[in-house]
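Per-entry structural report
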Amino acid sequence: MSSIATDRADPDAAIGAALVQAASVTADTVLPPEPATTFTPPPRPTAPRQSGLAATLSHIRYVLSENLVTGFAFALFLLIVLAAVFGPALVPYDPLASDTVAALKPPSAQHWFGTDQLGRDIFSRVVVATRLDFGIAVASVVLVFLMGGLAGVAAGFYGGWTDRIVGRLADTIMAFPLFVLAMGIVAALGNTVQNIVLATAIVNFPLYARVARAEANVRREAGFVEAARLSGNSEFRIVSFQVLPNVFPILVVQMSLTMGYAILNAAGLSFIGLGVRPPTAEWGIMVAEGAAFIVSGEWWIALFPGLALMIAVFCFNLLGDGVRDIVDPRRRT
Amino acid sequence: MGSMLLKRVLAAIPSLIGVVIVTFLLTRALPGDPAAYFAGPAATKEAIEQIRATLGLDQPLIIQFFHYVVDLAHGDLGKSLTTGQPVAEEIRARLPASAELTLLGLIVSMAIAIPLGIMAATKPGSIIDHTCRIVTTAGVSLPVFFTGLILVYVFYYLLGWAPAPLGRLDVFYSAPPTVTGFYLIDSLIARDPETFVAALKQLILPALTLGIFSLAPIARMTRASMLSVLSSDFVRTARASGLAPYTVIVTYAFRNAMLPVITTLGMVFSFLLGANVLVEKVFAWPGIGSFAVEALIASDFAPVQGFVLTMAILYVALNLLIDVLYGLIDPRVRLEA
């Protein structure tokens, strides 16, 4: 079944040589006569084949340097991770300590982002909130990666009723406006952070399941799967060690693309009063608290957490495109 | 045509059944005992048992589901715990406010996104193209409640152009007599231009907020689809025949490019209906979204469930409408069916 390539010693080298030949032929024929006399054929590309890791690294370097925006997004991402890890240890004020004397002060040297109605330092709160918001987004994306990825791979590989059940489940979820369904789930299961994570994962389930299903389905009859089957591997072993690792990179792209949505969804839920509760520092709640003061001109309470949220989502969206360029260059836009 | 319509309607039925099952399961997932919850904290054990029997909660799940479906068929969505009013009535009264806002949001979003996408596609790599990319990326990155607040701050507090974000109509005006429930249309029917302008002023900021949030998919798809159509043979032929660029782009390319854009409307509606809840909260809009949010805060589940169900049914209906529209515009789809 997959014996076409075996009779050729080194197909890559043969194709490469043919390409070089073709390139020089077209160059000769296309160029006008005068320069043709002085034309020297381009040096044959003699780049040695790089090892896998070196090739990947150089490809990543190429993508990052060629697209400055992606590089910028990676830097921003690093900053967010640092803020999430070290933020609570570095901030100048306790994010929960109120100081009614210093309430509702605009940004100053002392309070960089000003203070809120209870005199809490907004800068400290914005930085400390990074861990919670980032954590919710990462947790929900990992959860849906596991749920949607496994269900989708099973559906695509086994087909039949597994496929029908997963497909029907995904269709049913897609029949709801996503944010509305997330609201309903959190309202029904209980108003906790865990349920926000779960709800965000569930509404993203169809995306992951469909991508994983399509990718697994394509590989069901692939040569390497047939080979594994012929060598006596069980179906379960084939799914786990042959199909899953192949679908993995595409799901990672999906994860980085949906991170931004996950964080928006979670912040939206806490904005309407679900999940995280005051006085916890969380961007969505902080914007909600600041909303009451916008009409009287105290803009800084809502602005800074809102900006933090916006920058995070923006960064994740750009990063998603960057990760896709690295992992799956064919889908570049 | 009739058979295509029937086929589409039939295809929407499994989605509807799924929606009903999910909303039913959501009620059953309620933490704690609903009977104890309805009875209140001071109820005796017998009282709770009695309420359980009247609510039908002692029946098997499948029977409960049957009762739920029968109630739904009668348009009964239960009663709100806090107001004691039937949920269905409240939703019916508030739906026009949400619908007016959402539709205007869609119009704003299309009015910005489609020209932007076309201009970006006709001049790839130009400033407009980059603007298009920035606007679409910013559109999906901006939290919708944050955009709303910024607009309120700039246009209400700083510039004073917009009225206070407090509902559909300023307190000095009275609502026009209800015909459609849409204040813009009702005030026109009542020949009341003042109310029309007042209602429009209240609508502009929330509609713009919704529009900014949902324009990204439309603009992206318009650009991509225009790019592919502009490089096709019939456009090249039209250009070679010396037709004016405007005719080529608008009459020839645009019409063909619109088909994929219509399919993205499904996603746009998902965005709009979800974002609607947040926008209604920011602008104190008396729609079904803010109704659900109020109920959520009071842990009153019947309105939330009614809201989720209404939204889902609306969304299924909108998707059906988009499918039918697609079939009307593209004869190939009709032939397939």
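The sections below set out a description of the structure shown in this document.

1. Notes on the packing of aromatic side chains
All names here are of chain A. Following the criterion strictly, the structure yields 15 aromatic pairs over all chains and no others. Ring plane angle 25 degrees and centroid distance 6.0 Å describe the contact between Phe134 and Phe316, whose orientation is recorded as stacked. Separated by 182 residues along the polypeptide, Phe134 in helix H5 (residues 122–158) and Phe316 in helix H12 (residues 300–327) bring together distant segments of the chain. Phe316 gets classed as buried once you look at its relative accessible area, which sits at 1%. The structure contains a cluster of three or more aromatic residues connected by ring pairs, namely Phe113, Phe123, Trp299, Trp300 and Phe304.

2. Notes on the pattern of salt bridges
It is possible for side chains bearing opposite charge to pair when their charged atoms get close. Residues and elements named next belong to chain A. A full pass over the atoms with the stated rule returns 11 salt bridges over all chains. Between Arg210 and Asp171 there is a salt bridge; the shortest N-O distance is 2.6 Å. Linking Arg210 in helix H8 (residues 193–219) with Asp171 in helix H6 (residues 160–174), this pair joins segments that are 39 residues apart in sequence. Residue Arg219 is joined to Glu215 by a salt bridge in which the shortest nitrogen-to-oxygen separation is 2.9 Å. Of this pair, Arg219 and Glu215 are both found in helix H8, four residues apart, which corresponds to roughly one turn of the helix. For Glu215, a relative accessible area of 13% gives the class buried. Shared partners join several salt bridges into a network, and the residues in it are Arg120, Arg125 and Glu289.

3. Description of the environment of B:Ala42
Mapped onto the fold, B:Ala42 is located in the loop between helix H2 (34–39) and helix H3 (45–55). C-alpha separation for the pair B:Ala42 and B:Leu159, spaced 117 residues apart in sequence, amounts to 53 Å.

4. Considerations on the packing of helix H12 (residues 288–297) of chain B against helix H13 (residues 301–329) of chain B
For any two helices packed against each other, one specifies the inter-axial angle together with the distance between the axes. All names here are of chain B. Viewed as axis vectors pointing N to C, H12 and H13 meet at an angle of 150 degrees, and their least axial separation amounts to 8 Å. Judged by the angle between their axes, H12 and H13 are roughly antiparallel. Of the two elements, H12 crosses H13, and the hand of that crossing is left-handed. Here Ile288, Gly289, Phe291, Ala292, Ala295 and Leu296 of H12 lie close against H13, whose contacting residues are Pro303, Val304, Phe307 and Met311.

5. Looking at empty space enclosed by the protein
Residue and element names in this part refer to chain B. Overall, the coordinates contain two cavities of 30 Å³ or more when judged by the stated rule. The calculated volume of the largest cavity comes to roughly 70 Å³. The wall of the largest cavity is formed by 13 residues, among which Pro163, Ala164, Pro165, Gln202 and Phe283 lie closest to the centre. Among the elements that line the lining of the largest cavity, the one with the most residues is helix H9 (residues 193–230), at four residues. Split into classes, the residues belonging to the lining of the largest cavity amount to 10 nonpolar, two polar and one charged.

6. A few points about the interface of chain B and chain A
With 43 residues of chain B at the contact, the number on the chain A side is 40 residues. Where chain B touches chain A, the interface holds zero salt bridges. Inspection of the region where chain B meets chain A yields three residue pairs in polar contact (both at pLDDT 80 or more). Listing elements by their share of the side of chain B that touches chain A, those giving two or more residues are helix H1 (2–28), helix H6 (127–141), helix H7 (144–158), helix H11 (245–282), H12 and H13 of chain B. Take the side of chain B that touches chain A: its biggest share by element is eight residues, from H13(B). Here the residues of the side of chain B that touches chain A are counted per class, giving 35 nonpolar, seven polar and one charged.

7. Structural notes on the side chain of B:Gln305
Residues and elements named next belong to chain B. Its place among the elements puts Gln305 in helix H13. Accessibility expressed as a relative area gives 10% for Gln305, which makes it buried. For Gln305, the side chain forms a polar contact with the side chain of Tyr68, separated by 3.2 Å. Beyond its immediate chain neighbours, meaning those up to four positions away, Gln305 contacts Thr23, Phe24, Thr27 and Tyr68.

8. Regarding the nonpolar core
In this structure, A:Met183, A:Ile272, B:Phe145 and B:Phe307 are the most contacted members of the largest nonpolar core, which totals 166 residues. Broken down by element, the residue count for this core peaks at 19 residues, all from H11(B). Excluding residues within four positions of it along the chain, B:Phe307 makes contact with A:Val180, A:Met183, B:Ile91, B:Val277, B:Ile288, B:Gly289 and B:Ala292.

Criteria and cut-off values
- Residues numbered from 1 in each chain as written.
- Chains lettered and ligands numbered in written order.
- Predicted model: local features only at pLDDT ≥ 70, side-chain atom pairs only at ≥ 80, totals over all residues.
- Heavy atoms only, no water.
- Phe/Tyr/Trp six-rings, centres within 6.5 Å; stacked < 30°, edge-to-face > 60°.
- Helix = DSSP H or I, 4+ residues; strand = E, 2+ residues; numbered from the N terminus.
- Buried < 20%, exposed > 50% of the residue type's maximum accessible area, 1.4 Å probe, protein only.
- Salt bridge = Lys/Arg side-chain N within 4 Å of Asp/Glu carboxyl O.
- Axes fitted to C-alpha atoms, helices over the stretch in contact; angles between N-to-C directions.
- Parallel < 35°, antiparallel > 145°, perpendicular 65-115°, else oblique.
- Left-handed = near helix turned anticlockwise from the far one by under 90°.
- Contact = heavy atoms within 4.5 Å.
- 1 Å grid on protein atoms, 1.4 Å probe; cavity = no way out; pocket = protein on both sides within 12 Å on 5 of 7 lines; lining within 4 Å.
- Points joined across faces, edges and corners; volume = space filled by probe spheres on them.
- Nonpolar A, V, L, I, M, F, W, Y, C, P; charged D, E, K, R; others polar.
- Polar contact = N/O pair within 3.5 Å; in protein donor to acceptor, adjacent residues only side chain to side chain.
- Core = buried A, V, L, I, M, F, W, Y, C linked by side-chain atoms within 4.5 Å.

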